[in-house]
Amino acid sequence: MSDTTLRQLKLLELLPRQPFKKSTQTLKENLSEIGFEVSTRTIQRDLKNLSSILPLMSDERDKPYGWSWHKDASGFNPAMDPIEALTFSLAQEYLEPIMPSKSFKRMNIFFERANNVLKEMDKSSIKRWRDNVRVVPQWQSLIPPEINEEVEGQIYDALLQGNQLEVEYLKRGSKKPEKRIVNPLGIVLQGVVHRLICIMDGSDSPRHLPIHRFKKAKKNGNKVETPQDFNLDSYIESQNIGYLISAKPIQLEVLFQSMAGFHLTETPIIKDQDLKRLSDGRYRLKAKLADTSQLRWWLLGFGGQIEVVKPKSLRDEFKQVAKEIKNIYDA
């Protein structure tokens with residue numbers, strides 16, 4: 001489909017039905033907003049040509065002159081405009097990790113249509129935007145684990161409909177899955193891993209379990225039993241998803257080398273962080289943070305460019321890690 005055809009289809013969608021009307025100047029502005037840059041003369045020519053085969057009306061009784069669909073015209077199926085195509089194209093890569101595989105595949109017809117529209121928009125700024133903008137992961141990217149599509153679909157459906165599940169779940173390090181009853185409470189994406197927040201039979205505390213470790217799942221006919229005080233956002237904020245080590249926050253104090261610490265001046269770790277530039281060029285960070293494994297992974301990622309000052313327990317922990325690393329490389 002050519003750029004001209006796409007433009008004319010969108011032009012038809014923009015036209016109101018009598019007694020309302022739109023001037024060619026207004027239509028020009030409308031088309032410009034969605035990525036079609038054309039003159040009013042081109043629009044007038046398009047409308048004149050289209051009116052020869054479609055029930056379009058030109059009202060020239062008073063200015064500003066305008067165009068509209070005849071009041072008795074039958075419905076019109078609108079085309080996907082460049083802005084809509086760009087939105088679908090960008091959404092494709094973000095929706096894939098958070099939708100059940102079967103449901104995502106059903107959306108492919110829209111994604112393919114959007115990408116085909118963009119392919120035809122060779123001269124459009126919208127096409128250039130899609131070609132020239134990328135999103136890259138902040139950290140080392142990993143290949144997503146394999147997920148059983150049927151099991152995934154059962155889990156998503158159970159969460160949607162509020163049903164309990166009978167599952168077979170493979171614990172980390174185990175060779176044989178266990179049969180359990182779970183009450184789905186929510187789903188959280190953590191990098192490439194999808195986690196089911198749930199309560200298992202025999203427990204009152206929510207847990208987060210990687211969906212790829214579920215080997216079988218089916219509804220058992222019972223409704224989900226949800227704790228009265230459970231709130232998904234509160235659960236996430238409690239840092240259980242971040243591998244909480246202690247419920248007590250830590251008062252962190254870290255010295256960063258200049259290049260390593262500069263990013264905190266632009267992207268703070270928390271809103272009320274205390275960050276100061278020292279006379280030797282280093283940055284001193286003080287912040288009250290959740291005591292999680294993720295915090296340790298973040299700090300260890302800077303290697304020798306940081307020094308943990310407080311708390312003493314964390315400083316001693318990093319001393320031991322440094323010794324173990326040294327022993328590995330001295331061997």
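Residues numbered from 1 in each chain as written. Predicted model: local features only at pLDDT ≥ 70, side-chain atom pairs only at ≥ 80, totals over all residues. Heavy atoms only, no water.

Student: Mind laying out the overall build of the protein chain, listing which residues take part and the relevant values?
Tutor: The number of helices and strands found in the protein chain is 13 helices and 11 strands. Dimensions of the protein chain, computed from the C-alpha atoms along their principal axes, are close to 85 × 65 × 40 Å. When contacts within the protein chain are restricted to residue pairs at least 6 apart in sequence, long-range pairs at least 24 apart make up 62% of them. Only carbon and sulfur atoms are counted for the fraction: they give 51% of the accessible area of the protein chain, which is about 21,100 Å². A gap of 2 Å separates the mean positions of the 51 positive and 43 negative side-chain charges of the protein chain. (Helix = DSSP H or I, 4+ residues; strand = E, 2+ residues; numbered from the N terminus. Contact = heavy atoms within 4.5 Å. Areas by Shrake-Rupley, 256 points an atom, 1.4 Å probe, with all protein chains shown as cover. Lys, Arg positive; Asp, Glu negative; His and termini not counted. Charge placed at Lys NZ, Arg CZ, Asp CG, Glu CD.)

Student: I'd like a description of the pattern of salt bridges, backed by residues and values.
Tutor: Tallying each qualifying case throughout the model produces 13 salt bridges. Where Glu178 meets Lys171, a salt bridge forms, and the shortest distance between an N and an O atom there is 3.7 Å. With relative accessibility at 38%, the residue Lys171 sits in the partly exposed group. Two residues, Glu307 and Arg282, come together in a salt bridge whose shortest N-O distance is 3.9 Å. Here the residue Glu307 occupies a position in strand E11 (residues 306–310), and Arg282 occupies one in the loop between strand E9 (274–277) and strand E10 (283–292), the gap between them amounting to 25 residues. The exposure class assigned to Glu307 is partly exposed, which follows from its relative accessible area of 33%. (Salt bridge = Lys/Arg side-chain N within 4 Å of Asp/Glu carboxyl O. Buried < 20%, exposed > 50% of the residue type's maximum accessible area, 1.4 Å probe, protein only.)

Student: Now, about the nonpolar core: what can you tell me, with residues and values included?
Tutor: In globular proteins that are soluble, nonpolar side chains generally tend to be buried together. Judged by nonpolar contacts, the single largest core of 24 residues is most densely connected at Leu11, Leu15, Leu27, Leu31, Ile43, Leu47 and Leu56. In terms of residues, this core owes the most to one element, helix H1 (residues 3–14), which gives four residues. Leaving out residues up to four positions away in the same chain, Leu15 has contacts with Leu27, Leu47, Leu56, Trp67, Ser68 and Trp69. (Core = buried A, V, L, I, M, F, W, Y, C linked by side-chain atoms within 4.5 Å.)

Student: Please set out unusual backbone geometry residue by residue, giving values where relevant.
Tutor: Most peptide bonds take the trans form, and the phi angle of most residues other than glycine is negative. Residue Gln18 is joined to Pro19 through a cis peptide bond whose omega torsion reads 15°. By the secondary structure assignment, Pro19 is in the loop between H1 and helix H2 (24–33). Residues Lys310 and Pro311 are joined by a peptide bond in cis, for which omega reads 0°. Note that Pro311 resides in the loop between E11 and helix H13 (312–330).

Student: Before we move on, could you go through the pairing of E10 and cite the residues and values that matter?
Tutor: Side chains on a regular strand alternate between the two faces of the sheet. Sheet topology places E9 next to E10; four bridges connect them, and they run antiparallel. Among the inter-strand pairings, Leu275 is bridged to a residue of E10, identified as Leu285. Between E9 and E10, which follow one another and run antiparallel, lie five residues, and Gly281 among them has a positive phi close to 95°. (Pairing = 2+ DSSP bridges.)

Student: Lay out the sheet that holds strand E5 (residues 193–200) in plain terms, naming residues and giving numbers.
Tutor: Adjacent strands of a sheet form backbone hydrogen bonds with each other and so pair up, either parallel or antiparallel. Spatially, the five strands line up as an open sheet ordered E6-E5-E4-E3-E7, and their pairing is antiparallel. Edge positions in the open sheet fall to strand E6 (207–210) and strand E7 (214–223), since each of these has one partner strand only. For this sheet the average axis-to-axis angle between neighbouring strands, irrespective of direction, equals 50°. Bridging between strand E4 (residues 178–190) and E5 involves eight bridges; their strand directions are antiparallel. Bridge pairing in E5 places Val188 opposite Arg195. Running at roughly 25° to E7, helix H8 (residues 149–161) makes contact with strand E3 (163–169), E4, E5 and E7 of the sheet. (Axes fitted to C-alpha atoms, helices over the stretch in contact; angles between N-to-C directions.)

Student: I'd like to hear about the packing of H2 against helix H3 (residues 40–51), residue by residue, with values.
Tutor: Where H2 contacts H3, the axes come no closer than 9 Å and their chain directions differ by 105°. When the interaxial angle is binned, H2 and H3 end up roughly perpendicular. Between H2, through Thr24, Gln25, Leu27, Lys28 and Leu31, and H3, the contact on the second element is made entirely by Thr40, Ile43, Gln44 and Leu47. Class assignment for the residues of the contact of H2 with H3 results in four nonpolar, four polar and one charged. (Parallel < 35°, antiparallel > 145°, perpendicular 65-115°, else oblique. Nonpolar A, V, L, I, M, F, W, Y, C, P; charged D, E, K, R; others polar.)

Student: Go over the side chain of Asp46 with me, naming the residues and quoting the values.
Tutor: Secondary-structure assignment places Asp46 in helix H3. Judged by its relative accessible area of 4%, Asp46 is buried. Among the polar contacts made by the side chain of Asp46, one reaches the side chain of Arg7 at a distance of 2.9 Å. Leave out the neighbours within four places in its chain, and Asp46 touches Arg7, Gln8 and Leu11. (Polar contact = N/O pair within 3.5 Å; in protein donor to acceptor, adjacent residues only side chain to side chain.)

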